[in-house]
Structure formats: structure tokens, C-alpha cells
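# Results of the structural survey
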Amino acid sequence: RKEVEQDPGPFNVPEGATVAFNCTYSNSASQSFFWYRQDCRKEPKLLMSVYSSGNEDGRFTAQLNRASQYISLLIRDSKLSDSATYLCVTEGRDYKLSFGAGTTVTVRA
Amino acid sequence: GAVVSQHPSRVICKSGTSVKIECRSLDFQATTMFWYRQFPKKSLMLMATSNEGSKATYEQGVEKDKFLINHASLTLSTLTVTSAHPEDSSFYICSASTGPGPDTQYFGPGTRLTVL
């Protein structure tokens, strides 16, 4: 079983729409959680950390549910530039990162 | 700040040759560097963790004699793919860490290796 599972998508949404997706993780000892963004043939870039209380960064809202071991990301008012693959990432006690395979989002004009 | 470079960005080589990839932290000292591999439409998979001056720790299933890692200084780690084969073709990404804790890994731009 993969340590981090994500719906690969793609999620095709019009500009201005809201899109949301989740990931689940299997390691209950995971300590930190992140969403990264990866553009085609590029390195992943940290989008935001995810906290149990839920956190927001502009149009992006992330939520962590430790009991159910899932993490969510919501993007409001989608922009064309939001088109990317979003990687769900957990960090273990050894500080190693485990990546999901990514959820592809395509925002169309 | 926190810039990590990789060289080369792209390499094409013949089967059986060895390829060296460099990872450098340009404006900070990295206590630990990580090497990942990513196949198309797949997740990044951690290959090994290297600390300056000590032997790398390889993840299960990664051959240490095939993927040689040297971490000679706090700003440089190298990954050598020895006797490369077409199945080694992949996107190799390093990250450099400033220390334990979250939000401390900075990724290089990656190296795309194609073995013919």
C-alpha cells in the first residue's frame, strides 16, 4: 500500500471555479503535512503547510484530519496559473518526506 | 535565499556509461541532502539520504553500488548512476535541508536522465 494516496484527476475546471481534492496517508506517525505544487518537468515547490486547525493562504485552504488520516486542499476563484499537479506530502519523525503521485488540476479560460 | 542547483539539467547517455549529477546549496550549508527519483506520472521516491562526511543511507530496494552518493562538503552532494541502463531513465531531484524540522527542505530543479 502506498504511503500517500491521491486521486490523480485530472480536475478540469473553468476560471473562477472552486476545486477541492483530498489525499489519505497510511502512516499514523506522520508529524507534518504539506501541499506542494509541481509544474510539468519541474521540481516541486512548497505551496503550504497543513495544520490540524485548518489554514488558509489567499485562495488556498488546507485541512488536516488526523483521526481519518486525510488532508484536503481547496482552491477558490481558480486562475489559469493554478494549472499544475498538486502533491500531498507527509513528513515522518525521521524528517523524510513521502510524496503522493499528485492530483492534476487544469483551469480553462 | 535557500537556492539549490543541480547540474546537468538534462543528460542523454548510452547504455553502460556512468553519469554524475551534482547538487549544490548555493547560499546555505546543508546538513543533509536527499536524492529522489520520479518516473512519469508517479510520485517522487526517496532514494537515499546523505549527511556530509558520512555514508549515505539508502532506501529499501535502491542499490547502493549502482547509485553512488558522495557528500563531500556542506554545500555539495553528487549522485553517480553507474553503468546506466534504459530503465534508469528518470527525473532525479535533490533536496538540501538546513536541519531537522518541517519546511526545511529545498529542492533543486532536477536532472532529466535519458539512457539510450
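A brief structural summary. (Residues numbered from 1 in each chain as written. Chains lettered and ligands numbered in written order. Predicted model: local features only at pLDDT ≥ 70, side-chain atom pairs only at ≥ 80, totals over all residues. Heavy atoms only, no water.)

Interfaces are often sized by the amount of accessible area the parts lose when they come together. Residue-level contacts link 22 residues of chain B with 18 residues of chain A. Taking both sides of the interface into account, the surface hidden between chain B and chain A amounts to around 1,500 Å²; carbon and sulfur atoms contribute 56%. Among the ionic pairs, Glu59(B) bridges to Lys96(A), the shortest N-O distance being 2.7 Å. At the junction of chain B and chain A, the tally comes to 2 residue pairs in polar contact (both at pLDDT 80 or more). Looking at the side of chain B that touches chain A, the elements that each hand over two or more residues are strand E4 (32-38), strand E5 (45-51), strand E9 (90-97) and strand E10 (105-107) of chain B. The leading source of residues in the side of chain B that touches chain A is E4(B), at 3 residues. The class makeup of the residues in the side of chain B that touches chain A is 10 nonpolar, 6 polar and 6 charged. (Contact = heavy atoms within 4.5 Å. Buried area = accessible area lost by both parts, 1.4 Å probe. Salt bridge = Lys/Arg side-chain N within 4 Å of Asp/Glu carboxyl O. Polar contact = N/O pair within 3.5 Å; in protein donor to acceptor, adjacent residues only side chain to side chain. Helix = DSSP H or I, 4+ residues; strand = E, 2+ residues; numbered from the N terminus. Nonpolar A, V, L, I, M, F, W, Y, C, P; charged D, E, K, R; others polar.)

One pass over the structure, following the stated rule, counts 12 aromatic pairs over all chains. Where Tyr36(A) meets Phe107(B), the ring centres are 5.7 Å apart and the plane angle is 85 degrees; that geometry is what we call edge-to-face. With Tyr36(A) in strand E4 (residues 32-38) and Phe107(B) in strand E10, this residue pair bridges two chains. Relative accessible area serves as the criterion here: at 4%, Tyr36(A) is assigned to the buried category. A ring pair is formed by Phe99(A) and Phe107(B), whose centres lie 5.9 Å apart and whose planes are at 80 degrees; its orientation type is edge-to-face. A residue pair is termed interchain when its members come from two chains, as with Phe99(A) in strand E10 (residues 97-99) and Phe107(B) in strand E10. Pair check on accessibility: Phe99(A) and Phe107(B) agree, each one buried. (Phe/Tyr/Trp six-rings, centres within 6.5 Å; stacked < 30°, edge-to-face > 60°. Buried < 20%, exposed > 50% of the residue type's maximum accessible area, 1.4 Å probe, protein only.)

Here we take up the sheet that holds strand E3 (residues 19-25) of chain B. Backbone hydrogen bonds hold the strands of a sheet together, and the pairing may be parallel or antiparallel. Residues and elements named next belong to chain B. Strand order in the open sheet made by the 4 strands is E1-E3-E8-E7, with antiparallel pairing throughout. In this open sheet, the two strands that pair with only one neighbour each are strand E1 (4-7) and strand E7 (67-73). Taking each pair of neighbouring strands and ignoring which way they run, the sheet shows an average axis angle of 15 degrees. (Pairing = 2+ DSSP bridges. Axes fitted to C-alpha atoms, helices over the stretch in contact; angles between N-to-C directions.)

Here we come to the pattern of salt bridges. All names here are of chain A. Scanning the entire structure with this criterion turns up 8 salt bridges over all chains. Two residues, lysine 45 and glutamate 43, come together in a salt bridge whose shortest N-O distance is 3.1 Å. By relative accessible area, which is 13% here, glutamate 43 ends up buried. Between lysine 79 and aspartate 77 there is a salt bridge; the shortest N-O distance is 3.0 Å.

Turning to the state of the cysteines, a few remarks are in order. As enumerated under the stated definition, the model contains 2 disulfides over all chains in all. Through a disulfide, Cys23(A) is tied to Cys88(A); the S-S separation comes to 1.8 Å. With a gap of 65 residues between them, Cys23(A) in strand E3 (residues 19-25) and Cys88(A) in strand E9 (residues 84-91) connect regions that are remote in the sequence. Since its relative accessible area comes to 1%, Cys23(A) is described here as buried. The exposure class assigned to Cys88(A) is buried, which follows from its relative accessible area of 0%. Left without a disulfide partner, Cys40(A) is nearest to the cysteine sulfur of Cys94(B), which lies 19 Å away. Taking the relative accessible area as the measure of exposure, Cys40(A) reaches 67% and is therefore exposed. No disulfide involves Cys13(B); its sulfur sits 18 Å from that of Cys94(B), the nearest cysteine. (Disulfide = S-S within 2.5 Å.)

Residue and element names in this part refer to chain A. Ordered by their spatial adjacency, 5 strands build an open sheet running E1-E3-E8-E7-E6, and the pairing between neighbours is antiparallel. Two strands lie at the open edges of the sheet, namely strand E1 (4-6) and strand E6 (55-57), each paired on one side alone. If you compare each strand with its neighbour and ignore which way they point, the axes differ by 20 degrees on average.

Our focus in this paragraph is the pairing of E3(B). Residues and elements named next belong to chain B. Alternating residues of E3 divide into Val19, Ile21, Cys23 and Ser25, all buried, and Lys20, Glu22 and Arg24, none buried. Two elements, E1 and E3, share 4 bridges in a ladder whose sense is antiparallel. Across the sheet, residue valine 4 finds its bridge partner in E3, namely serine 25. Note that E3 and strand E8 (residues 76-81) share 6 bridges and pair antiparallel. Pairing of isoleucine 21 across the sheet is with leucine 79, part of E8.

The values are spatial; any link to function lies outside them.
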